[in-house]
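Fold and contact review
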Amino acid sequence: MEQWTRREDRRLLTGHGRFVADIAVPGCLDAVFVRSRIAHGVVRGVDCAAAREVPGRRRAGAEGALQ
């Protein structure tokens with residue numbers, strides 16, 4: 001298999017590149033999904049109280065909040 005050099009690597013790795021996350025879009029929101037750290041575990045409840053206190057937060061909820 002022939003090896004080839006990616007042109008963008010040096011720019012990105014030296015801090016001179018631009019990533020999609022660097023682009024500010026007015027009115028655009030970010031979403032964060034947190035998964036369980038326990039494989040095959042049973043979630044008996046989710047406490048979103050601390051997340052609801054974060055400044056600038058629009059919404060915080062558990063599974064049913066997405067429906």
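Residues numbered from 1 in each chain as written. Predicted model: local features only at pLDDT ≥ 70, side-chain atom pairs only at ≥ 80, totals over all residues. Heavy atoms only, no water.

Helices and strands together make up the secondary structure of the chain, namely 2 helices and 0 strands. By principal-axis analysis of the C-alpha atoms, the chain measures approximately 50 × 35 × 20 Å. In the chain, buried positions account for 4% of the 67 residues. The average position of the 12 basic charges and that of the 8 acidic charges among the side chains of the chain differ by 3 Å. (Helix = DSSP H or I, 4+ residues; strand = E, 2+ residues; numbered from the N terminus. Buried < 20%, exposed > 50% of the residue type's maximum accessible area, 1.4 Å probe, protein only. Lys, Arg positive; Asp, Glu negative; His and termini not counted. Charge placed at Lys NZ, Arg CZ, Asp CG, Glu CD.)

The next subject is the environment of Gly61. Take Gly61: it is sitting in the segment after helix 2 (49-52). With relative accessibility at 41%, the residue Gly61 sits in the partly exposed group. Sequence spacing of Gly61 and Val42 is 19 residues, and the spatial spacing of their C-alpha atoms is 18 Å. Here Gly61 is in contact with Cys48 and Arg52, once residues within four sequence places are set aside. (Contact = heavy atoms within 4.5 Å.)

This next bit is on the environment of Arg57. As for its placement among the helices and strands, Arg57 is situated in the segment after helix 2. The spacing of Arg57 and Arg44 is 13 residues in sequence and 24 Å in space, taken between C-alpha atoms. Beyond its immediate sequence surroundings of up to four residues, Arg57 is in contact with Ala51 and Arg52. A polar atom in the side chain of Arg57 sits 3.4 Å from the backbone oxygen of Ala51. A distance of 3.1 Å separates the side chain of Arg57 from the backbone oxygen of Arg52, its partner in a polar contact. (Polar contact = N/O pair within 3.5 Å; in protein donor to acceptor, adjacent residues only side chain to side chain.)

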